[in-house]
Amino acid sequence: MKNRLLFLGPPGAGKGTQAQLLSASHHLLHLSTGDLLRAEVQAGTPLGQEAEAVMARGELVSDDLVLAIVRHRLEAHSGGWLLDGFPRNLPQAIALDGLLAELGQSIELVVLMELEEPQLLLRLLGRGRADDNEAVIRHRLEVYRDQTAPLIAHYQAQSLLRSVEASGTVDEISARIASLLS
Ligand code: AP5
């Protein structure tokens, strides 16, 4: 059973929803950089203060900051993990490859969750998080296309990428993902 996983996909595809369920059922560390950054903002730490305005604009927080968060968590953990929302651009992906080589670990599967833009927008507007207003969502989608989508080719080249249709019910999508894990 594969237990070192990465979820890739545009904002609103359901990465967080599925990552939470799968990490609970398979006892994986769920590492969501978005959740970790929001916790820092909430706690008012220097890191959170630095990240807050960037996140509100829908742009990417600095690679160094995000990498420090991920390194800290992965170094302290020996079991399986599920990365959700990280890496977000090629420099982060290359840094992750380096960090995992250092730790003697490797990614076993990258799940690309695919959903059309109108559905993404509907889901995010229905949620109403601080960065879920239409202008910021459109910018996050642009950032995804420009900076994150190139990771598809990066992981395809490593034969790690599998795509999942992210429409339908939460249970239907969970079943599609579960079928890729064996
Ligand atoms: P992050 O928190 O990662 O947000 P995101 O990628 O924009 O993803 P979302 O949480 O919006 O979507 P999701 O795919 O997880 O979907 P979800 O399950 O929530 O990042 C936020 C910000 O943090 C970034 O913009 C950036 O500033 C910063 N950041 C984070 N990581 C970074 C990094 N590595 N580098 C630099 N900066 C970083 O679902 C969405 C909604 O749809 C929910 O309401 C959910 O209930 C609903 N839903 C889910 N599944 C279904 C379904 N099947 N049917 C109907 N509704 C559904």
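Residue positions are counted from 1 within each chain, in the order its sequence is given. Since the coordinates come from a predicted model, pLDDT governs what is reported: local features require at least 70, and pairs of side-chain atoms require 80 or more to be given and counted, while whole-chain, interface and lining totals use all residues. Hydrogens and water molecules were not included; the side-chain quantities draw on all heavy atoms of the structure.

Engineer: Quick rundown of the pairing of strand β1 (residues 4–8)? Include the residues and the values.
Structural biologist: Between buried and exposed lies partly exposed: a residue is buried under 20% and exposed over 50% of the maximum accessible area for its type, with that area taken using a 1.4 Å probe on protein chains only. Where helices and strands are cited, they refer to DSSP runs of H or I of at least four residues and of E of at least two residues respectively, numbered from the N terminus. Burial analysis of β1 places 5 of its 5 residues in the buried class, the great majority of the element. Across the two faces of β1 the burial is the same, with R4, L6 and L8 and L5 and F7 all buried. Any two strands between which DSSP finds at least two bridges are classified as paired. For β1 and strand β3 (residues 81–84), the ladder comprises 4 bridges, and the chain directions are parallel. In the sheet register, L5 faces β3, and the bridge partner there is L82. Pairing of β1 with strand β4 (residues 109–114), which is carried by 4 bridges, proceeds in the parallel orientation.

Engineer: With reference to specific residues and values, describe the packing of helix α4 (residues 63–75) against helix α5 (residues 90–103).
Structural biologist: Helix packing for two helices is described by the angle between their axes and how far apart those axes are. To get an axis, fit a line to the C-alpha atoms, keeping to the stretch in contact for a helix; angles then go from 0 to 180 degrees between the N-to-C directions. Running from N to C, α4 and α5 cross one another at 25 degrees; their axes reach a closest spacing of 11 Å. Accordingly, the angle class assigned to the pair α4 and α5 is roughly parallel. Here the hand of the crossing between α4 and α5 comes out right-handed. Within the contact between the two elements, α4 uses D63, V66, L67, V70, R71, L74 and E75 and α5 uses P91, Q92, A95, L96, L99, L100, E102 and L103. By residue class, the composition of the contact of α4 with α5 is 10 nonpolar, 1 polar and 4 charged. Orientation is classified from the angle alone, with under 35 degrees giving roughly parallel, over 145 giving roughly antiparallel, 65 to 115 giving roughly perpendicular, and any other angle giving oblique. We call a crossing left-handed when the near helix sits turned anticlockwise from the far one by less than a right angle, and right-handed when that turn is clockwise. Should any heavy atoms of two residues lie within 4.5 Å, those residues are considered in contact. Residues are grouped as follows: Ala, Val, Leu, Ile, Met, Phe, Trp, Tyr, Cys and Pro are nonpolar; Asp, Glu, Lys and Arg are charged; every other residue, Gly included, is polar.

Engineer: Which residues make up the sheet that holds strand β2 (residues 29–32), and what values do they have?
Structural biologist: Taken together, 5 strands build an open sheet; the order of strands is β2-β3-β1-β4-β5 and the sheet is parallel. Every other strand in the sheet has two partners, leaving β2 and β5 (161–165) as the edge strands with one partner each. Within this sheet the neighbouring strands show an average axis-to-axis angle of 20 degrees, counted without direction.

Engineer: Lay out helix α7 (residues 134–148) with the relevant residues and their values.
Structural biologist: At 3.6 residues per turn, the α-helix brings residues three or four places apart onto the same side. Taking 1.5 Å per residue, 15 residues should reach 21 Å; α7 reaches 20 Å between its end C-alpha atoms and fits that length. For α7, the complete set of buried residues consists of V136, I137, R140, L141, V143, Y144 and T148. For α7, the angular spread of buried residues about the axis comes to 160 degrees, placing them on one side. Facing away from the buried side of α7 by over 90 degrees, the exposed positions are A135 and D146. Looking at the buried positions of α7, the neighbouring elements they touch are β1, α3 (46–57), β4, α6 (117–127) and α8 (150–157). By definition here, a helix of n residues has an expected span of 1.5 Å times n minus one. Along the arc lie the directions from the helix axis toward the C-beta atoms.

Engineer: So what's going on with the packing of α5 against α8? Residues and values would help.
Structural biologist: Two numbers describe how α5 lies on α8: the axes approach to 9 Å, and their chain directions differ by 30 degrees. Classified by the angle between their axes, α5 and α8 sit roughly parallel to one another. Between α5 and α8, the residues in contact are L90, A93, I94, L96 and D97 and L151, H154 and Y155, respectively. When its residues are assigned to classes, the contact of α5 with α8 shows 6 nonpolar, 1 polar and 1 charged.

Engineer: Residue-level account of the site of the ligand, with values.
Structural biologist: Lining the immediate environment of the ligand, one finds 31 residues, of which T17, T33, E59, R127 and R140 sit closest. In short, Shrake-Rupley with a 1.4 Å probe defines the accessible areas, and a residue's cover is counted only from the protein chains shown. Contact with the protein chains hides 85% of the accessible area of the ligand, taken as 1,000 Å² for the molecule alone. Those elements giving two or more residues to the shell around the ligand turn out to be α1 (15–26), α2 (33–43), α6 and α9 (170–178). The element that contributes the greatest number of residues to the shell around the ligand is α2, accounting for 4 residues. By residue class, the composition of the shell around the ligand is 12 nonpolar, 10 polar and 9 charged. Distances are taken per atom, and a residue is near a molecule or strand as soon as one of its heavy atoms is within 4 Å of it.

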